[in-house]
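Chains, contacts and geometry: an overview
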Amino acid sequence: MDIFLTPATTKSAPSRLIKKYRPPEQDPLFLRSDPVPDSVVIVAAKKSHSTSPSSSAPPDKESRKIDAAGRKVCSTASITMKAASATALLGRYDRSLWDSILQFAEHLPRDKREDFLEVVSEGAMVSNQIISAAADASTLSAHNYAHGIALRRHAWLRLTSLKPEAQQRIQNLPFSGSTLFGSHADDEMARMKSELDTLKAVGIERPKEQRKGFCPYQRRLFTHRYQAPHWSSSRPQQQQQQQHQRGFSRRSTRGRSTPQTQTPRQAPTSRP
């Protein structure tokens, strides 16, 4: 497929599929439009970066990329759910057709009736499999939509000054369908604020996180000591000392240039 040639710049879904699977009015709101980013978290993120309150995109460049990726995931998942819903409706209609055909079995001869009933049972079984596959596709699409919502929430939460634990807790709150965070995030923020106010009123402050000094490596100090070579005990002691002195003198003079002897200068003689 051509979409795998440029996966980063591929659109969320083809326009023909968006027009083909239009959601009816009784479908949930998040299938008809994107969730509105309206919460205390959005207001805090905009104030920290001094952006326009009417902007619907995060102010940070990296956050906008994450939000765009989340929008693509949500859009593709919503269209997949619509297609799965349409497939389930077709499977249900096909099953009802096979059920209505059963009434004609009484008007058939006995030798043809068994074959007819076998065909009807196979058709009904295929219809049930279509409905089951559509339900599985809808479940997987719901999981993908939840991942997209988590990405969009992370794009806004990373701009706030909340701790990672609080961000993870707010990011994992239930999704209502109309807004990105919903009232659950506002309640969680109010609960954390009241908890901090209570701790300050009592006089208990949370300890600040201190990171110990980190050293990527430790230097090792090497002490080089001269060790005399281990000579065999079978040799005479005098011969060992001579060889030891000879080897030490060779090592000490190795790599050194021998000084050249210079002839003393003679005083210039005066001519008569």
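Residues numbered from 1 in each chain as written. Predicted model: local features only at pLDDT ≥ 70, side-chain atom pairs only at ≥ 80, totals over all residues. Heavy atoms only, no water.

The protein chain carries the name Lamina-associated polypeptide 2 alpha C-terminal domain-containing protein in an unreviewed UniProt entry, which gives Pleurodeles waltl as its organism.

On to the layout of surface pockets, then. In this structure, the second largest pocket spans a volume of roughly 380 Å³. Around the second largest pocket, the lining comprises 14 residues; the ones closest to its centre are Thr 10, Lys 11, Ser 12, Ala 13 and Thr 76. Where the lining of the second largest pocket is concerned, the elements lending two or more residues are helix H1 (15-20) and helix H4 (61-101). Examining the composition of the lining of the second largest pocket, we find that 4 residues originate from one element, H4, more than from any other. Each residue belonging to the lining of the second largest pocket can be placed in one class, and the counts come to 7 nonpolar, 5 polar and 2 charged. (1 Å grid on protein atoms, 1.4 Å probe; cavity = no way out; pocket = protein on both sides within 12 Å on 5 of 7 lines; lining within 4 Å. Points joined across faces, edges and corners; volume = space filled by probe spheres on them. Helix = DSSP H or I, 4+ residues; strand = E, 2+ residues; numbered from the N terminus. Nonpolar A, V, L, I, M, F, W, Y, C, P; charged D, E, K, R; others polar.)

A few words on the nonpolar core. Of all hydrophobic cores here, the largest spans 20 residues; its most connected members are Val 41, Tyr 145, Trp 156, Ile 170 and Phe 181. Put simply, the parts of the chain that give this core at least two residues each are helix H3 (40-48), H4, helix H5 (110-157), helix H6 (164-171) and helix H7 (182-202). Ranked by the residues each element gives to this core, the list is headed by H5, at 4 residues. Those residues in contact with Phe 181 that lie beyond four places of it in its chain are Ser 39, Val 41, Ile 42, Arg 153, Trp 156, Leu 157, Ile 170 and Pro 174. (Core = buried A, V, L, I, M, F, W, Y, C linked by side-chain atoms within 4.5 Å. Buried < 20%, exposed > 50% of the residue type's maximum accessible area, 1.4 Å probe, protein only. Contact = heavy atoms within 4.5 Å.)

Val 41, Ile 42, Ala 45 and Lys 46 are the residues of H3 that are buried. Burial along H3 is one-sided: seen end-on, the buried residues are contained in an arc of 130°. (Arc of directions from axis to C-beta.)

Turning our attention to the environment of Leu 162. Topologically, Leu 162 is positioned in the loop between H5 and H6. Expressed as a C-alpha distance, the spacing of Leu 162 and Val 41, which sit 121 residues apart in the sequence, is 9.7 Å. Once you skip the residues sitting within four places of it in the chain, Leu 162 turns out to touch Leu 157, Gln 167, Ile 170, Met 189 and Met 192.

The subject of this paragraph is the side chain of Thr 160. Relative to the helices and strands, Thr 160 is located in the loop between H5 and H6. A distance of 2.6 Å separates a polar side-chain atom of Thr 160 from the backbone oxygen of Leu 157. Residues contacting Thr 160, with those up to four places away along its chain left out, are Val 41, Ala 44, Ala 45 and Gln 167. (Polar contact = N/O pair within 3.5 Å; in protein donor to acceptor, adjacent residues only side chain to side chain.)

This paragraph deals with a negative patch on the surface. Judged by side-chain charge, Asp 111, Glu 114, Asp 115, Glu 118 and Glu 122 come together as a negatively charged surface patch. Inspection of the secondary structure assignment puts Glu 118 in helix H5. (Patch = residues over 30% accessible without salt bridge, like charges linked within 9 Å, V, L, I, M, F, W, Y side chains within 5 Å. Areas by Shrake-Rupley, 256 points an atom, 1.4 Å probe, with all protein chains shown as cover. Salt bridge = Lys/Arg side-chain N within 4 Å of Asp/Glu carboxyl O. Lys, Arg positive; Asp, Glu negative; His and termini not counted. Charge placed at Lys NZ, Arg CZ, Asp CG, Glu CD.)

Turning next to the packing of aromatic side chains. Tallying each qualifying case throughout the model produces 1 aromatic pair. Aromatic side chains Tyr 145 and Phe 175 sit 6.1 Å apart centroid to centroid with 45° between the ring planes, which places their arrangement in the tilted category. Linking Tyr 145 in helix H5 with Phe 175 in the loop between H6 and H7, this pair joins segments that are 30 residues apart in sequence. For Phe 175, a relative accessible area of 29% translates into the label partly exposed. (Phe/Tyr/Trp six-rings, centres within 6.5 Å; stacked < 30°, edge-to-face > 60°.)

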